[in-house]
Amino acid sequence: TVTDSAFLAELPRELSAAADSYAHEKRTKLFEFDRSPTLDLDRKTYKSFLEKTFRLNVVENDHFPEPPEGGWVSLHNAFARIDDIVRTTIIVAYADGPERVAKAIQDLAARLDLTAKVKDHAKEKGYYACHVYVDFLLNVSNPTDAAQYPIVSVPVELQVTTELQGTLREITHWLYERERLSGGPKSDWKNQFSSGRFRAAYMAHSLRFIEAMIVDL
């Protein structure tokens, strides 16, 4: 299982080494409160899982009613196609930290012969983070035959973001949570000044600029 894997067992040491290197170079802490992060895995709820399939198949699908790129997301392929069914979040102190932590995670995965990829999530909605996806070969129940457990490459998502971005996301997430299932790629939310999505996004963009100034100091 993922929780018993060598990857999760060795990750705290890898992050501690990254923190020491960062402190030596920058003369400051890498992680919030100068503590190594806890690595508690979170499983996506079934409701969130269904909403994610709808967003991938419809809301974020530029080709709808045709299938999205890669085909329809269904119960048969969801564990391979939905990349955040199992996830955790790592909080760093400053804006130049996520990239460094993401590289440390990717290096560890490579040493353990695991496939890992990094996505720089700098989105127009104001979300800033590095996401690392580490693939694990797991036995997953067949949705149409519970007696079968085929081996599937399941990505585990490690979100790496800053203390300030994480806090802002927690307090503003509700503002656009109710709207994201209705606003497709062409939604003109950037001119809807009173909408939750507009307020959450541009508060995050403003905060990003402040974070950049802090790094410059």
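See the structure printed just above.
Residues numbered from 1 in each chain as written. Predicted model: local features only at pLDDT ≥ 70, side-chain atom pairs only at ≥ 80, totals over all residues. Heavy atoms only, no water.

Enquirer: Before we move on, could you go through a nonpolar patch on the surface and cite the residues and values that matter?
Expert: On the surface, a nonpolar cluster with roughly 440 Å² of combined accessible area is contributed by Leu164, Phe209, Ile210, Met213 and Ile214. Among the elements that line the nonpolar patch, the one with the most residues is helix H6 (residues 196–216), at four residues. Looking at where Met213 falls in the secondary structure, it is placed in helix H6. (Patch = residues over 30% accessible without salt bridge, like charges linked within 9 Å, V, L, I, M, F, W, Y side chains within 5 Å. Areas by Shrake-Rupley, 256 points an atom, 1.4 Å probe, with all protein chains shown as cover. Salt bridge = Lys/Arg side-chain N within 4 Å of Asp/Glu carboxyl O. Helix = DSSP H or I, 4+ residues; strand = E, 2+ residues; numbered from the N terminus.)

Enquirer: Pulling in residues and values, what's your account of the layout of surface pockets?
Expert: Its volume calculated, the second largest pocket comes out at about 560 Å³. For the second largest pocket, the lining is made up of 25 residues, of which Phe79, Ile85, Val86, Val140 and Val154 are closest to its centre. For the lining of the second largest pocket, the secondary-structure elements that each account for two or more residues are helix H2 (46–59), helix H3 (78–81) and strand S5 (151–162). Here the element with the most residues in the lining of the second largest pocket is H3; it accounts for three residues. For the lining of the second largest pocket, the per-class residue count stands at 16 nonpolar, seven polar and two charged. (1 Å grid on protein atoms, 1.4 Å probe; cavity = no way out; pocket = protein on both sides within 12 Å on 5 of 7 lines; lining within 4 Å. Points joined across faces, edges and corners; volume = space filled by probe spheres on them. Nonpolar A, V, L, I, M, F, W, Y, C, P; charged D, E, K, R; others polar.)

Enquirer: Outline helix H4 (residues 97–111), supporting the account with residue identities and numerical values.
Expert: The end-to-end C-alpha distance of H4 is 22 Å, a good match for the 21 Å that 15 residues give at a rise of 1.5 Å each. Gly97, Pro98, Val101, Ala102, Ala104, Ile105, Leu108 and Ala109 are the residues of H4 that are buried. Down the axis of H4, the buried side of the element spans an arc of 160°, and every buried residue falls inside it. Within H4, the exposed residues directed more than 90 degrees away from the buried face are Glu99, Lys103 and Arg111. Residue Asp113 follows H4 closely and has a positive phi angle near 60°. (Expected span 1.5 Å × (residues − 1). Buried < 20%, exposed > 50% of the residue type's maximum accessible area, 1.4 Å probe, protein only. Arc of directions from axis to C-beta.)

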